[in-house]
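If you want the building blocks of each chain, they are given just below.
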Amino acid sequence: MENEGTSAPKLPITGKRNILITSALPYVNNVPHLGNIIGCVLSADVYARYCRLRGYNAIYICGTDEYGTATETKALEQNCSPKEICDKYHAIHKEVYEWFDISFDKFGRTSTPEQTQVCQAIFNKLFDNNFLSENTMQQLYCDTCKKFLADRLIEGSCPFKECNYDSARGDQCEKCGKLLNPTELKVPRCKVCQTTPRIRDTDHLFIELPLLKDKLEAYINETSVTGSWSQNAIQTTKAWLNEGLRQRCITRDLKWGVPVPHEKYKEKVFYVWFDAPIGYVSITSCYTSEWEKWWKNPENVELYQFMGKDNVPFHTVMFPSTQLGTGENWTLMKTISVTEYLNYETKKFSKSKGVGVFGDDVKNTNIPVEVWRYYLLTNRPEVSDTQFLWDDLRAKLTGELLHNLGNFVNRVLTFIAKPEPAGYGSVIPDAPGAESHPLTQSLAEDVGKFLKQYVEAMEKVKLKQGLKIAMSISNEGNAYLQETKFWKLYKENKPSCAIVIRTAAGLVHLLAQLLEPFMPSFSREVFKQLNLPLQFSLSDERGELTLASTPWEILPRNHKIGTPQPLFKELTEEEVQQYKEKFEGSQADRRGRNAEDANMAACQL
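Residues numbered from 1 in each chain as written. Predicted model: local features only at pLDDT ≥ 70, side-chain atom pairs only at ≥ 80, totals over all residues. Heavy atoms only, no water.

Draft legend 1. Spotlight on the nonpolar core. If you look at the biggest cluster of nonpolar residues, it comprises 171 residues, and the most contacted ones within it are Ile21, Leu34 and Phe388. Residue contacts for Ile21: discarding those within four places in its chain leaves Ala44, Tyr47, Ala48, Cys51, Ala58, Ile59, Tyr60, Ile61, Tyr304 and Phe306. Ranked by size, the runner-up nonpolar core spans 13 residues in total, among them Leu149, Ala168, Cys173 and Cys190. (Core = buried A, V, L, I, M, F, W, Y, C linked by side-chain atoms within 4.5 Å. Buried < 20%, exposed > 50% of the residue type's maximum accessible area, 1.4 Å probe, protein only. Contact = heavy atoms within 4.5 Å.)

Shown next as structure tokens:
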């Protein structure tokens, strides 16, 4: 979280690209797993870093989503208050994201006075504009617990025949992804006491989505095209519109949440789907008191939002409807980037069931952060579900990072670092005549094409493609070294060797720049070995992209590099097997195994 608190808050600048980036707010009642991390937080971080690299004026806003039933449920399970749960897990999330090198400008939380203020102000505007209605709805009431049951306190069988999942929640089926009303569940049961609840009437407030349909559809039809929405986002949104918009309840019978500022409903709080997206705004207001310059400035600000596919309707239908209903000049989402699911060794990652590798597990492995980031991003589920496989992680580390990227950088820098007459004594040589050196000129043309493709992919938020293109430049670099046989040139044609080595050193610098959004720790280490300040920039204004088409000019002659070191190390088959065994089953299974191991050790002692 390197950007938090380091300088004065950034505000939009006239004449520059001002980009507001958000990641779906991770829910605070558990530790995030790798699927959560790649689904939103890490993907948004890559794009935020790319924007900064290109010289855009960008901020990245995120935080923990803290209100709602899941927090109350967790507090009941752990016999503590919801605030204590939030404080505990907010700290855990923050620590996990710091380890993953996530560069938030602000990582906040929704249980703040600012959230209450912004949320209630939006509610009042909707109320004044007659986009809210009152209605009596039937809700499940538990006689044993003596309270109305919020959606997540109810489980039962999914009502859709093609699914029929027996542990669907009252608000959404985890298996088929359809949104539900609790009364639609078959064989419902109270999650706390497992008894069957009964139906009772209760009054609630609803947002009248049908009244906002025309404005919403006009926004979606235009922006989904101009903002290049991902196909899965378009499909999910169109499915919602085709089913017909209905009024949606925005209040709940809970204590932990933003209170409804209405005399009749003052004992209720806002439903989390209404409250959570407003968290982006309130967290920005914690970042700067001039938050409206970001959020009520559509002429000068572009909003990019990242999330998993189960969050799409809340961001393409619900939140824009809320903004449009206020009648204010909100910055509406321009581009949405949506991921499918990352599965774990053929199973589904699950926070509730503890299946998969979790954020706090990762830092206890011997695998560095740049390897985790690289593997998750090469495996980013952009158009279909993908698999996390330990054997595949090892294969990519060995074949792509160690033998391709690491090998190229290390070969170039170690050769430069060799003392004369074996190398260049750590000094970048002069390279006159590089523009007329055939192999070098051919390489420069290829790199220029790759660079153009990289920018096009990243501008369209095709992150996996951008990473693949950057790694292709490393492939080109290795082929260039092999084709020129620089080790022979050093003995037979020193002027040509100097051209090759200075060009290759420029490519090392360029790769560190292009890969900084994906593997910032790798790029920092490369710049350290190049003996350069840790400032990454590929802006059009400074002509840095143009310079990349003449890679022999990127690093100045006579520049003295630092000390080369290997950048990656191998992961053995034995280590992979150990990790497979360690992370097998659920978190509960692992705790049981750890307890057994501790007991055995105690007995032996």
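Draft legend 2. Here's a closer look at the packing of helix 13 (residues 390–417) against helix 20 (residues 573–582). Where helix 13 contacts helix 20, the two axes come as close as 10 Å, and the packing angle between them is 150 degrees. Crossing handedness for the pair helix 13 and helix 20: right-handed. Along the contact surface, helix 13 presents Trp390, Asp391 and Arg394, while helix 20 presents Glu573, Val576, Tyr579 and Lys580. In terms of residue class, the contact of helix 13 with helix 20 is built from three nonpolar, no polar and four charged. (Axes fitted to C-alpha atoms, helices over the stretch in contact; angles between N-to-C directions. Helix = DSSP H or I, 4+ residues; strand = E, 2+ residues; numbered from the N terminus. Left-handed = near helix turned anticlockwise from the far one by under 90°. Nonpolar A, V, L, I, M, F, W, Y, C, P; charged D, E, K, R; others polar.)

Draft legend 3. Structural detail: the side chain of His509. Looking at the secondary structure, you find His509 in helix 17 (residues 494–515). Classification of His509 as buried rests on a relative accessible area of 13%. Among all residues touching His509, those that are not within four sequence positions of it are Phe527, Leu530, Leu532, Ile554 and Leu555.

Draft legend 4. Main features of the packing of helix 12 (residues 369–378) against helix 13. At their nearest, the axes of helix 12 and helix 13 sit 10 Å apart, and the two run at 105 degrees to each other. With respect to helix 13, the element helix 12 is oriented roughly perpendicular. Of the residues in helix 13, those in contact with Val371, Trp372, Tyr374, Tyr375 and Thr378 of helix 12 are Trp390, Asp392, Leu393, Lys396, Leu397, Glu400 and Leu401. Of the residues assigned to the contact of helix 12 with helix 13, the class counts are eight nonpolar, one polar and three charged. (Parallel < 35°, antiparallel > 145°, perpendicular 65-115°, else oblique.)

Draft legend 5. Representation of the packing of aromatic side chains within the structure. Within this structure, the stated rule accounts for 34 aromatic pairs. Centre to centre, the rings of Tyr424 and Tyr490 are 5.4 Å apart; their planes meet at 80 degrees, and the pair counts as edge-to-face. Linking Tyr424 in the loop between helix 13 and helix 14 (438–459) with Tyr490 in helix 16 (residues 486–492), this pair joins segments that are 66 residues apart in sequence. On the accessibility criterion, Tyr490 (6% relative accessible area) is buried. (Phe/Tyr/Trp six-rings, centres within 6.5 Å; stacked < 30°, edge-to-face > 60°.)

Purely geometric stuff here, so don't read any function into it on its own.
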